[in-house]
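What the coordinates show
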Amino acid sequence: FNGYLKVRIGEAVGLQPTRWSLRHSLFRKGYQLLDPYVTVSVDQVRIGQTSTKQKTNKPTYNEEFSATVTDGHQIELSVFHDTPIGYDDFVANCTLHFQDLLRSAGSSDSFEGW
């Protein structure tokens, strides 16, 4: 893919607590909430990161990132739990290949709904 990429992160749903959040929770029983944020990368180069949303497993971001891409192969969205000490906890990720997106778009210049 060669061109201008604009990505809008709307929301994340169904996020599950990580081992770290369960292990360090004051409330051992019940539903555990995360402090999630999303990173956006093209071919393993980070082009953006959302703000961290506190204590939610269904965060709403509505944040937009853009970059000029030259010979891009894939875009990766990764969700992390912001931890107070040490490395942040991996929660989930999704990789989309530009070739698949271009094939499914037909004559459209934009992709929505993921």
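Provided above is the structure to which this section pertains.
Remember, it's a predicted structure, so these values are computed and weren't measured experimentally.

Another point: the environment of Asp35. Tracing the backbone shows Asp35 in the loop between α1 (19–23) and β2 (36–42). Along the backbone, Asp35 and Asn57 are 22 residues apart, and their C-alpha atoms lie at a distance of 8.0 Å. Contacts of Asp35, omitting those with residues within four sequence positions, involve Thr52, Lys53, Gln54, Lys55, Phe80, His81 and Asp82.

Moving on: the pairing of β2. A large share of β2 lies buried, amounting to seven of its seven residues. Across the two faces of β2 the burial is the same, with Pro36, Val38, Val40 and Val42 and Tyr37, Thr39 and Ser41 all buried. The sheet contact formed by β2 and strand β5 (residues 74–81) spans seven bridges and is antiparallel. What sits directly across from Ser41, in β5, is Glu76. Bridge count for β2 against strand β3 (residues 45–49) is four bridges, and the pairing is antiparallel. Residue pairing for β3: Val40 is matched across the bridge by Gly48. What sits between β2 and β3 in their antiparallel hairpin is a turn of two residues, with Asp43 showing a positive phi close to 50 degrees.

One open sheet accounts for four strands, arranged β3-β2-β5-β6; its pairing is antiparallel. Among the strands making up the open sheet, the edge pair consists of β3 and β6 (89–97). Strand-to-strand twist in this sheet, taken as the mean axis angle between neighbours without regard to direction, amounts to 25 degrees. Pairing of β5 with β6 involves eight bridges; the strand directions are antiparallel. Note that in β6 the partner of Ser78 across the bridge is Asn93.

Next up on the list: the pattern of salt bridges. Overall, the coordinates contain two salt bridges when judged by the stated rule. Measuring nitrogen to oxygen at the nearest pair gives 3.3 Å for the salt bridge that ties Arg8 to Glu64. You can see Arg8 sitting in strand β1 (residues 3–11) and its partner Glu64 sitting in strand β4 (residues 60–69), a full 56 residues away along the chain. Relative accessible area serves as the criterion here: at 42%, Glu64 is assigned to the partly exposed category. In this structure, Arg103 and Asp100 form a salt bridge, with 3.5 Å as the shortest nitrogen-oxygen distance. Of the two residues, Arg103 and Asp100 both sit in helix α2 (residues 98–105), three residues apart, roughly one turn of that helix. Its relative accessible area of 56% is what places Arg103 among the exposed residues.

Conventions adopted
- Residues numbered from 1 in each chain as written.
- Predicted model: local features only at pLDDT ≥ 70, side-chain atom pairs only at ≥ 80, totals over all residues.
- Heavy atoms only, no water.
- Helix = DSSP H or I, 4+ residues; strand = E, 2+ residues; numbered from the N terminus.
- Contact = heavy atoms within 4.5 Å.
- Buried < 20%, exposed > 50% of the residue type's maximum accessible area, 1.4 Å probe, protein only.
- Pairing = 2+ DSSP bridges.
- Axes fitted to C-alpha atoms, helices over the stretch in contact; angles between N-to-C directions.
- Salt bridge = Lys/Arg side-chain N within 4 Å of Asp/Glu carboxyl O.

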